[in-house]
Structures are given as structure tokens and as C-alpha cells.
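Here are the chains, one letter per residue:
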Amino acid sequence: MADKLIIFDTTLRDGEQSPGASMTKDEKLRIARQLERLKVDVIEAGFAASSNGDFECVKAIAHAIKECTICSLARANDRDISRAAEALAGGGSTRIHLFLATSALHMEKKLRMTPEQVFEQAKLSTRFARNLSGDVEFSPEDGYRSDPDFLCRVLEAVINEGATTINVPDTVGYAIPELYGRFLLDLRTRIPNSDKAVWSVHCHNDRGMAVANSLAGVMIGGARQVECTINGLGERAGNCSLEEVVMAVKTRRDYFGLELGIDATQIVPASRLVAQTTGFVVQPNKAVVGANAFAHASGIHQDGVLKARDTYEIMRAEDVGWAANKIVLGKLSGRNAFKQRLKELGIEMESEAEINAGFARFKELADRKSDIFDEDIVALMMDESSHAEPEHYRLLALSQHSEMGERPHASVAFAAGDAEHHAESYGNGPVDASLKAIESRLQTGAEMLLYSVNAITSGSTESQGEVTVRLQHGGRVVNGVGADPDIVVASAKAYLSALNKLHSKIERVAAQG
Ligand code: KIV
Ligand code: ZN
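Treat the numbers as computed from the prediction; the structure is a model and nothing was measured. (Residues numbered from 1 in each chain as written. Chains lettered and ligands numbered in written order. Predicted model: local features only at pLDDT ≥ 70, side-chain atom pairs only at ≥ 80, totals over all residues. Heavy atoms only, no water.)

(A) Main features of the packing of helix α1 (residues 25–38) against helix α11 (residues 267–278). Two numbers describe how α1 lies on α11: the axes approach to 9 Å, and their chain directions differ by 165°. The pairing of α1 with α11 is recorded here as roughly antiparallel in orientation. Crossing of α1 over α11 shows left-handed handedness. Contacts between α1 and α11 involve Glu-27, Arg-30, Ile-31, Gln-34 and Leu-38 from the first element and Ile-267, Pro-269, Ala-270, Leu-273, Val-274 and Thr-277 from the second. Of the residues that constitute the contact of α1 with α11, the class distribution is seven nonpolar, two polar and two charged. (Axes fitted to C-alpha atoms, helices over the stretch in contact; angles between N-to-C directions. Helix = DSSP H or I, 4+ residues; strand = E, 2+ residues; numbered from the N terminus. Parallel < 35°, antiparallel > 145°, perpendicular 65-115°, else oblique. Left-handed = near helix turned anticlockwise from the far one by under 90°. Contact = heavy atoms within 4.5 Å. Nonpolar A, V, L, I, M, F, W, Y, C, P; charged D, E, K, R; others polar.)

(B) Inspection of helix α5 (residues 115–132) at higher detail. Across its 18 residues, α5 extends 26 Å between first and last C-alpha, which sits within 8% of the 26 Å expected from 1.5 Å per residue. Of all the residues in α5, the buried ones are Val-118, Phe-119, Ala-122, Ser-125, Thr-126 and Ala-129. Buried positions in α5, seen along its axis, are confined to an arc of 145° and lie on one side of it. Looking at the buried positions of α5, the neighbouring elements they touch are α3 (78–88), β4 (94–101), α4 (104–111), β5 (136–141) and α6 (148–160). (Expected span 1.5 Å × (residues − 1). Buried < 20%, exposed > 50% of the residue type's maximum accessible area, 1.4 Å probe, protein only. Arc of directions from axis to C-beta.)

(C) Looking closely at the packing of aromatic side chains. Scanning the entire structure with this criterion turns up eight aromatic pairs. Taking the centre distance of 5.1 Å and the plane angle of 75° together, the rings of Tyr-144 and Phe-183 count as edge-to-face. Note that Tyr-144 is positioned in the loop between β5 and α6 and Phe-183 in helix α7 (residues 177–190), a separation of 39 residues in sequence. Members of the aromatic cluster, each reached through a chain of ring pairs, are Tyr-144, Tyr-174, Tyr-180 and Phe-183. Lying over the aromatic face of Phe-55, Arg-83 brings its terminal NZ or CZ to 3.8 Å of the ring centre. Note that Arg-470 overlies the ring of Phe-280, its terminal NZ or CZ placed 4.6 Å from the centroid. (Phe/Tyr/Trp six-rings, centres within 6.5 Å; stacked < 30°, edge-to-face > 60°. Lys NZ or Arg CZ within 6 Å of the ring centre and 35° of its normal.)

(D) Seen up close, the sheet that holds strand β12 (residues 409–416). The sheet built from three strands is open, its strands ordered β11-β12-β13 with antiparallel pairing. For this open sheet the edge positions go to β11 (393–401) and β13 (419–426), each flanked by a neighbour on one side alone. Each strand axis lies, on average, 15° off the axis of its neighbour in the sheet, ignoring direction. Pairing of β11 with β12 involves eight bridges; the strand directions are antiparallel. The partner of Leu-395 across the bridge, within β12, is Phe-414. Sheet contacts for helix α17 (residues 487–503): β11 and β12; angle to β11, the most-contacted strand, approximately 150°. (Pairing = 2+ DSSP bridges.)

The structure is reproduced here in C-alpha cells:
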């Protein structure tokens, strides 16, 4: 029987480390449920010791998700490990993931420890974790830039202490596919007890090679677990992209010869959910999940695909969850049809009250936009679910005036806690005027790092606009997302949503890696 390739998703941990991608507990739970539908094997739900917020997220996900192993990251010390175990307690299948840097550079400059101290700490912390969990993963951070002789000693020792998975990170995206594959093979060949653990790859995408490096780690190095994120989300240039690895292994089964547990039809819904939650938009030409990934624009290709699909297509769009844009509901649709569509889209609402609120907003939208597509419903419900949490700032009303040759003017009403504010401003355009109006009243001083508008459904000016705003303030970077057929309103919503995130105090310590 073919070996299984374990898919370890770290969107909620390494992906979330991307500046601006931090998520609330509800958002993480929603993504975890989608990862469960996608049938990933392991979900790294967070880094329990990094903040109370992360602890609560790991705990909630460990309790809610039954079909995947739930994992928490921990530094190799007793406090972090105990905190991870505590957050995972009561869950089904759980894992503690320890990391400790082993490269000369990291040991000397970051940890300020000698190699002997690192060796001892790796051993003792693995022993400690193994007493709390039967499933322990050990990652030598910056492993690929570590001295192979030293790495062999450390990894042999942690396997002896009971580590069940050994993950070799290319923390800084330095690897080259063939060299990384051989590096892993060399470790596995030289370490006498290497067969007692599952070997894993974890590659960062700084030079666009994370997927290639991961696959080389599998084929040359013999790894049987790939660590990856939806849309390749992650710090700097991101992590290895789940959808690309999965579809590479699936479409080229002749070469890889490996089994996957993944339900690929859930890939596009997962990609959309992560993009809409974090505000990290997927580029149109992104493999598998980009809007153009299956669009044949050139006449020669279109002609070929019409005659025989496989002339230019190696994967089928529907196999990865692309459904043609369908008009699913309209203003005459009832609550039951709406509820049924939510179910089909895999959107679970916590309560009837949430469904009712979503349905009311759907009716409002249907009054303004004749055709409602699946994408509109997802955006609407994302907005609705964020309302489930106490929001400090809320948009109440907005009007703006712009005329060729005149300076645009906006007036905005919004709530801040229990207070209601009215503000007005001129600006370079109606969006600028609206955001300046809000800022003139709140005086947050937040710096705008990004403003982007996307059409939720392509091909028509009737589409809803989805706006992402990235703000920086007091060392924190947050993204806010807003959707509305009127992009000025969508922009004000996105701005207030980012301010809401800045308003909520999410403390976390920096996770390295
Ligand atoms: O990139 C890295 O080294 C990491 C580890 C913590 C696994 O994310
Ligand atoms: Zn990483």
C-alpha cells in the first residue's frame, strides 16, 4: 500500500504570524472547521503560551474539532509545554510541537546558549513533553542552516526521549530543492533511530521555492509530513502553500505514489475564507486558487479545451472546489432557502439569532443588488460573524458628494461604544474624504500601510466591492475588511474594522520562525 503524506496545516499559527493577519477566536474557529472539512491531518491551532488569547484559541479548537489532530506550538521549556498541554487537555487527538534553534547563528546570537546547553535543553524538554502527551513533534529551528553533525546528535537524542515527529525547518527560505532533499536523507541515514519518527518538512517561501523544497524533502529526503498554510499565508513571503502541494501530489500520483486524506473540493472555499478573514487577497494568477487559475483567455486554448478538455487542463476546476459563478438567491428567496445555502457553503452559524441577523442583511443586500452569488453570501456572513463579537466602532450612516472639478466631501455617522459621532471632511476622492472624516473625530494617528479594492464576483460592475485596509499603530499591524456594493461604504467599514482590531488588546510574544 502507498505511504500516506500527512498534511499539517499551520495557517492558524505560522500563517497568523504574518503582520496584519492576526485573527479573533471566532475567526480561527471558523477556519479550523473549514480545515476539518478539508480533512487536513493536523491543525496547528496556535502557540498557547504566547498570549491568553492564543491559549483560548487552542483550547476552543481542541474542544470543537474532532476529525483532526490539534497541535500547539511551544518553546522548549517547561512553562510553555505545560501551557500547551493545558490548552489541549480534553481534546481528542492532540500534539505538542516543541521548537529550539540549533544553527550556530541562532544559538549564539539569539539564544545566547552553547551547543551543549541546547543539546541538554532539547533532551529534557522532549522528556517533559512526552510525559504530558503521547504525540510530540520536535523542530530544530533554522535546522537547514545547522551543522549536520550537531543536528544528528540532537535529533537522535530527542527521538530517544520519545519525539514522534521530527520536523526540519528551512526557517529563512534558504534551501534549494535538491540540496534540502539530500540534507534530510543524510540525517535519516546517519541517525540510527531515525525510523522511530515521522520526518517532516517546513519551508518558508522567501525565494519562491517553498513548495519545490517541500516536495524534494518528500521525494529525495523521505519526509512523510508537509507543513503548509492555505494560500501560502505566513510571515515575509509566507509558507509552503497547501493547495499547491496537495494538487502536485494528487495530479502526479504516477510520480509521487502517495496517499492523501484531503478532500480537494474544499480547497477553494478554504482559500476564500482565509483571504476574507485576514484581508490577504489572493493574486489572480496564483496556482489552483487564483481567479484566473482555470480561465483560458487565449483563443487557441479555448478552442482546444472545447474540443478536448485535457488539451490544456491538467486539473478540473470543480475538483478543487471552483463552482461557476452561480446566481443562487434573489430578493424573493426565503429564510429556509438562505439557511440551506449557508449549509451547502459549509457556513455554520452558532445560533438562530445569527441566522436571522444574516438573513436580514441578505434582504438588504438583495434590495440593492439583483443577483446574489455564493461569494456575496460568504462575504455577508463573514461580516455578520464579526458582528457576533462586541464591536467598538460601527458605521451608522455615510453620505458623500463628488462632482467633476469639485473637491469631494463626505459626512459619516458612526458609533464608538455607546457614543454616536458625526464627522465631515473634504478629501482627494470620496473614499479619502470618508476616512479623513472618521480620523478627524477619532485622531487615532494610525498609519495606513495598504488600501485595496477587489470585486467579490468578477465580470460586472454590479459586484460588491471588498476593501482591505491595513493599519499600523503602536507597533501593531492589523487588517480590516469591509464589503458593500458601494465601495465608499465598504471602505469606511474596512477602516472601522481595522480600528476595532487595534482597539482590542491582543497581546502576544513574538514566535520565532
Ligand atoms: O520556521 C520555523 O522554523 C518555524 C518553527 C517554529 C517550526 O516555524
Ligand atoms: Zn515557520
